[in-house]
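What follows is the residue order along each chain.
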Amino acid sequence: QVRLVESGGGLVQPGGSLRLSCAASGSIFKINIMGWYRQAPGKERELVADISSGSNTRYADSVKDRFTISRDNVKNTVHLQMNSLKPEDTAVYYCYVDSTNAFRRFDSWGQGTQVTVSP
């Protein structure tokens, strides 16, 4: 059982910044990939950014050069720094963790945190 605790969502004006955090705990030997997905009303869930255990990163084209993903391997935590936010960034953001214990691999999802960008 892997537990994910998300924080940092909220309401911000266009051009503002937010920092999302997600901490993983439980039956974990190694975390392979940590990342963030988002889903806006009427749209499918999409990858925002993720980061591997070797610190390789991927970003959606729409957030490249504005968002930065990072991880703390000691605390099993991933952060998403979101700058220059736009109204189209409004969505529920979900933390994703791909982890391994002594026996198998797991996909884990957070419950989601709301990000709203509005004047």
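Residues numbered from 1 in each chain as written. Predicted model: local features only at pLDDT ≥ 70, side-chain atom pairs only at ≥ 80, totals over all residues. Heavy atoms only, no water.

Some words on the packing of aromatic side chains
Considering all chains together, one arrives at three aromatic pairs under this definition. Note on Tyr37 and Tyr96: the rings are 5.8 Å apart at their centroids and 80 degrees apart in plane angle, and the pair reads as edge-to-face. With Tyr37 in strand β4 (residues 30-39) and Tyr96 in strand β9 (residues 91-100), the pair connects residues that are 59 residues apart, well separated along the chain. Tyr96 carries the same exposure label as Tyr37, and that label is buried. Three or more aromatic residues joined by ring pairs form one cluster here, namely Tyr37, Tyr96 and Trp109. Here the guanidinium or amino end of Arg45 rests over the ring plane of Tyr94, the centre of that ring lying 3.9 Å away. Here Arg45 stacks its cationic end above the ring of Trp109, 4.9 Å away from the centre of that ring. (Phe/Tyr/Trp six-rings, centres within 6.5 Å; stacked < 30°, edge-to-face > 60°. Helix = DSSP H or I, 4+ residues; strand = E, 2+ residues; numbered from the N terminus. Buried < 20%, exposed > 50% of the residue type's maximum accessible area, 1.4 Å probe, protein only. Lys NZ or Arg CZ within 6 Å of the ring centre and 35° of its normal.)

Notes on the sheet that holds strand β1 (residues 2-7)
Taken in spatial order, the four strands line up as β1-β3-β8-β7 in an open sheet, and their pairing is antiparallel. Looking at which strands have only one partner, the edges of the open sheet turn out to be β1 and β7 (67-72). Averaged over all pairs of adjacent strands, the angle between their axes in this sheet comes to 15 degrees, without regard to strand direction. Both strand β3 (residues 18-26) and strand β8 (residues 77-82) contribute to a ladder of six bridges, which runs antiparallel. Each residue of the ladder has a partner; that of Ser21, found in β8, is His79. (Pairing = 2+ DSSP bridges. Axes fitted to C-alpha atoms, helices over the stretch in contact; angles between N-to-C directions.)

Keep in mind these numbers describe shape, not what the thing actually does.
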